[in-house]
Each structure stands twice: as structure tokens, then as C-alpha cells.
Amino acid sequence: MSTPEPKPAPVWHDGYTHRIVIKFQDDQHARLDEDGKVDTASGDDAVAGVLDDHGLQLHPALRLDDAKLDSLEQSSADTTDLRGTYLADRSDDREGQLAAAFDLLALDEVEW
């Protein structure tokens, strides 16, 4: 059994508006439902709990239609779930964004 790579620490640069980027583990097949809530394969509500606790709303990082995403995924030897990367709303609240980022990183469903 291989040792998982450590998760990278969140980065903050003062003077900028920031946005959390979340990449879910590929096996989670994380998707937003019709209400904008995250659905994961684990079915665990921990992700939704962290997002709710911090008042975060996620949006797909890649704004491509399904046909284009399918084509990219099929043409790559990499098995990365391109639909599993999301952006949270922008914020200049340093402490709030970092707290949310660390809380999300602590979840097994989140890769980075």
C-alpha cells in the first residue's frame, strides 16, 4: 500500500481577493446537485457541513460543456476527474478563507 501524498497548505497573499480552489478525490465523483450542494460518492455530509459553516458556495472550476469534458477525459491517459474541481466565491476575509481551506483539507473527500 502506498503512502498518500501530503496535501498542500493553503496560500494567502495580502492585498488580493482570494478564492478557494477545491479538488475532490477522483473516486468521490463530486458533483453539484440542482440546489448547488455537493454530492460525493461517500455520501458523507461533512463537506456540506464545512461549506455551510463557512458560508461557501461552490462553482465548477471548468466551465466546459459535457461533450468537451468527456473528450478531454477520454483523450488523456490521466484518470483525473475534471468535474471534481470547484471554486468557492471570492473573498478578502483572510481568517475566514484560511479557516475554511484548512477545514476542507482535513476531509478525506478533498484531495487539495
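Everything below is about the structure printed above this text.
Residues numbered from 1 in each chain as written. Predicted model: local features only at pLDDT ≥ 70, side-chain atom pairs only at ≥ 80, totals over all residues. Heavy atoms only, no water.

S.K.: So what's going on with the packing of aromatic side chains? Which residues, and what values?
M.R.: A complete count under the given rule lists one aromatic pair for this structure. Their ring planes at 75 degrees and their centres at 5.9 Å tell us that F24 and Y86 sit as a pair that is edge-to-face. You can see F24 sitting in the loop between β1 (21–23) and β2 (31–32) and its partner Y86 sitting in strand β5 (residues 85–88), a full 62 residues away along the chain. For the pair F24 and Y86, a shared accessibility class is recorded, and that class is buried. (Phe/Tyr/Trp six-rings, centres within 6.5 Å; stacked < 30°, edge-to-face > 60°. Helix = DSSP H or I, 4+ residues; strand = E, 2+ residues; numbered from the N terminus. Buried < 20%, exposed > 50% of the residue type's maximum accessible area, 1.4 Å probe, protein only.)

S.K.: So what's going on with the side chain of T85? Which residues, and what values?
M.R.: Within the element layout of this structure, T85 appears in strand β5. Once residues within four sequence positions are removed from consideration, T85 is found in contact with V21, I22, K23, P60, A61 and W112. (Contact = heavy atoms within 4.5 Å.)

S.K.: Any details on a nonpolar patch on the surface? Residues and values, ideally.
M.R.: A cluster of nonpolar side chains, namely L62, L64 and L72, defines an oily patch on the protein surface of about 220 Å² accessible area. The topology assignment puts L64 in the loop between β4 (58–60) and α2 (66–75). (Patch = residues over 30% accessible without salt bridge, like charges linked within 9 Å, V, L, I, M, F, W, Y side chains within 5 Å. Areas by Shrake-Rupley, 256 points an atom, 1.4 Å probe, with all protein chains shown as cover. Salt bridge = Lys/Arg side-chain N within 4 Å of Asp/Glu carboxyl O.)

S.K.: Break down unusual backbone geometry for me, with residues and values.
M.R.: Of note in this structure, H29 is not a glycine but carries a positive phi near 45 degrees. Position of H29 among the secondary structure elements: in the loop between β1 and β2.

S.K.: Which residues make up the pairing of β5, and what values go with them?
M.R.: Where burial is concerned, the two faces of β5 agree: the one with T85 and L87 and the one with Y86 and A88 are both buried. Relative to β5, β1 runs antiparallel, the two sharing three bridges. Residue pairing in the sheet places K23 in a bridge with T85 of β5. As judged from the three bridges shared by β4 and β5, these two strands associate in the antiparallel manner. Across the sheet, the residue bridging to H59 is L87, located in β5. (Pairing = 2+ DSSP bridges.)

S.K.: An account of the pattern of salt bridges is needed here, citing residue identities and associated values.
M.R.: Under the definition given, this model contains six salt bridges. When the shortest N-O distance is used, the salt bridge between E111 and K23 registers 3.5 Å. With a gap of 88 residues between them, E111 in the segment after α3 (94–105) and K23 in strand β1 connect regions that are remote in the sequence. Two residues, D52 and K37, come together in a salt bridge whose shortest N-O distance is 3.5 Å.

S.K.: An account of the environment of F102 is needed here, citing residue identities and associated values.
M.R.: Among the structural elements, F102 can be located in helix α3. Sequence-wise, F102 and E73 are 29 residues apart; in three dimensions their C-alpha atoms are separated by 29 Å.

Limitation: the analysis is restricted to geometry and does not speak to function.
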